[in-house]
Amino acid sequence: MMKKDKAPLYAKIKEYLKDQMDSGLLKPGDQVPTEAELMNRFGVSRITVTSAIRHLVEEGLVYRIAGKGSFVQSDHSSAAKPLRRIPTKKEVIGFILHPARDMFMHRLLLGIEEACRENGYGLMVRLSMTQNDELQAIEDLRSSGVKGLIIHPLDGEAYNEAILKLQTERFPFVLVDRYLPGIRTNAVYSDNYEGGRLAADFLIRLGHRVIGVVSSPKSKTSSAEDRFQGYLEAVRAKNLPIQAKHWLTRLDDDSPIHDEISIKEAIEEWLSEGLDMSAVFTIQSLDAIYIASIADKLGIRVPEDLSILSFDNPGISDLYKHYFSHVEQNLELMGAEAVELLIRAIHNPDTSEQIKIPVTLIEGRSTRSVAE
């Protein structure tokens, strides 16, 4: 009986890349295959690939350049590798986030933590559920002596005064996943507008002509608004019908926290109205799960009667592929870029940058062509 290979997947990827280096196929200074290429070659997740590359970095075989990729190390590669000031005494960065039910925050935190480690910084993490929590977290972390903050700002009708105060006082901070419309701050976020356009365009190419939208965040959330505007651009470009009755938005407006029961009730009432939609685009991944579960309750088949496409991956898959078609964010890169930008802001308080991270569309089993 053959003995199964017990080596973890990341180790197989690491050994594959080391073999490429040993054989001379990858020479000093060469860029190693991208995350996407390694994911496709080995059929693994981005986290597995990231883990393999991290081990090679720790062994001194590979170095990373944020936003460009990973490269083979050599004794003479220091000219190509950007010089960094590694703190002699470990300095600390603060990260303020709110809990999430999917893998979003886990992947974002993975990118932030790894970049902090590579740059010689420690990381302190605080959770916030409300804007008062966010205010307290900012005050506590500053009092503890952090050199800068990465903030995933809460949804809300008004900007948190504590964040505006950071701007006024020139304290280094970076917003992640979103920005404040009308206020120039350091920020790193996905290309949400392009993601919304990609989603709608994909559904249109499948033959859908009436595409609904579901969005639970409040209106001041830049990421949600940009995704919605991207959807509108694609629909208008094809002269398709645009009617407010096909939109179910701002579901969290009447509640200080995410209210799953109320949102599901609103979705059930909406889907029960007999609207002529053949597809729905959800601005948040959790809303896609709500739509699918309510559709099943109402006897609406997915994707035969209703196609569902979400922004971000709801995290449901089987042996074959992702269940939900979705717009994929590179959250690990977003986290890493946020750290790199914050370090630049720590060294130069005049730093003012906004970085967009590209998105891609992943086809799953929750969408189908109208002609099928």
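Residues numbered from 1 in each chain as written. Predicted model: local features only at pLDDT ≥ 70, side-chain atom pairs only at ≥ 80, totals over all residues. Heavy atoms only, no water.

To continue, consider the environment of Pro33. Mapping Pro33 onto the fold places it in the loop between α1 (9-22) and α2 (35-42). The class for Pro33 is partly exposed, based on a relative accessible area of 24%. With 38 residues separating them along the chain, Pro33 and Phe71 place their C-alpha atoms 9.0 Å apart. When neighbours within four sequence positions are excluded, Pro33 is seen to be in contact with Leu17, Leu26 and Leu38. (Helix = DSSP H or I, 4+ residues; strand = E, 2+ residues; numbered from the N terminus. Buried < 20%, exposed > 50% of the residue type's maximum accessible area, 1.4 Å probe, protein only. Contact = heavy atoms within 4.5 Å.)

Attention now goes to the packing of helix α9 (residues 260-271) against helix α10 (residues 285-298). Helix-helix packing: each pair is described by the crossing angle between the helix axes and the interaxial distance. Taken N-terminus to C-terminus, the directions of α9 and α10 make an angle of 55°; their axes are 10 Å apart at the nearest point. When the interaxial angle is binned, α9 and α10 end up oblique. Helix-helix and strand crossings are classified by hand; for α9 and α10 the assignment is right-handed. Residue-level contacts link Glu260, Ile263, Lys264, Ile267, Glu268, Trp270 and Leu271 of α9 to Asp287, Tyr290, Ile291, Ser293, Ile294, Ala295, Lys297 and Leu298 of α10. Here the residues of the contact of α9 with α10 are counted per class, giving nine nonpolar, one polar and five charged. (Axes fitted to C-alpha atoms, helices over the stretch in contact; angles between N-to-C directions. Parallel < 35°, antiparallel > 145°, perpendicular 65-115°, else oblique. Left-handed = near helix turned anticlockwise from the far one by under 90°. Nonpolar A, V, L, I, M, F, W, Y, C, P; charged D, E, K, R; others polar.)

Now for the pattern of salt bridges. In total, this model carries 16 salt bridges according to the counting rule given. Among the salt bridges present, the one from Glu328 reaches Arg107, with a minimum N-O distance of 3.4 Å. In this pair, Glu328 sits in strand β12 (residues 325-329) while Arg107 sits in helix α4 (residues 104-118), placing the two residues 221 residues apart along the sequence. One salt bridge in this structure joins Glu169 and Arg142, with 2.8 Å as the shortest N-O distance. Here Glu169 is found in the loop between α6 (161-168) and β6 (173-176), whereas its partner Arg142 is found in helix α5 (residues 131-143), with 27 residues between them in sequence. Taking relative accessible area as the criterion, Glu169 reaches 39% and is therefore assigned partly exposed. Accessibility expressed as a relative area gives 30% for Arg142, which makes it partly exposed. The network of salt bridges with common partners includes Lys14, Lys18 and Glu59. (Salt bridge = Lys/Arg side-chain N within 4 Å of Asp/Glu carboxyl O.)

Right, let's talk about the sheet that holds strand β10 (residues 279-282) for a bit. Read from one edge of the open sheet, six strands run β9-β8-β10-β11-β12-β14, paired in mixed fashion. Two strands bound the open sheet, and with one partner strand each, they are β9 (247-249) and β14 (359-362). Across the sheet, the axes of successive neighbouring strands diverge by a mean angle of 15°, strand direction being ignored. In the sheet, strand β8 (residues 211-215) pairs with β9 via three bridges, with the strands oriented parallel. What sits directly across from Ser215, in β9, is Thr249. Its contacts with the sheet put α9 on β8, β9 and β10, and the angle it makes with β9 is roughly 170°. (Pairing = 2+ DSSP bridges.)

Helix length check: α5 (13 residues) gives 18 Å between terminal C-alpha atoms against 18 Å at 1.5 Å per residue, within 8%. Residues Glu134, Ala137, Ile138 and Leu141 constitute the buried set of α5. What you see down the axis of α5 is that its buried residues fit within an arc of 100°, all on one side. Exposed residues pointing more than 90 degrees away from the buried face of α5 are listed as Asn132 and Ser143. The inward-facing, buried residues of α5 contact β3 (91-97), β4 (121-127), β5 (148-151) and α6. Looking one or two places after α5, you find Gly145, whose phi comes out positive at around 95°. (Expected span 1.5 Å × (residues − 1). Arc of directions from axis to C-beta.)

For the rest of this paragraph, the subject is the confidence of the model for the protein chain. Mean pLDDT for the protein chain: 86, with 87% of residues reaching 70 or above. Per-residue pLDDT stays below 50 along residues 76-87; that stretch engages in 20 contacts with residues further than four places along the chain or on separate chains. (pLDDT = per-residue confidence, 0-100.)

On to the nonpolar core, then. Ile93, Leu108, Ile150, Val188 and Val339 are the most contacted members of the largest nonpolar core, which totals 25 residues. Only β3, α4, β6, α11 (331-347) and β13 (354-357) provide two or more residues apiece to this core. Examining the composition of this core, we find that nine residues originate from one element, α11, more than from any other. (Core = buried A, V, L, I, M, F, W, Y, C linked by side-chain atoms within 4.5 Å.)

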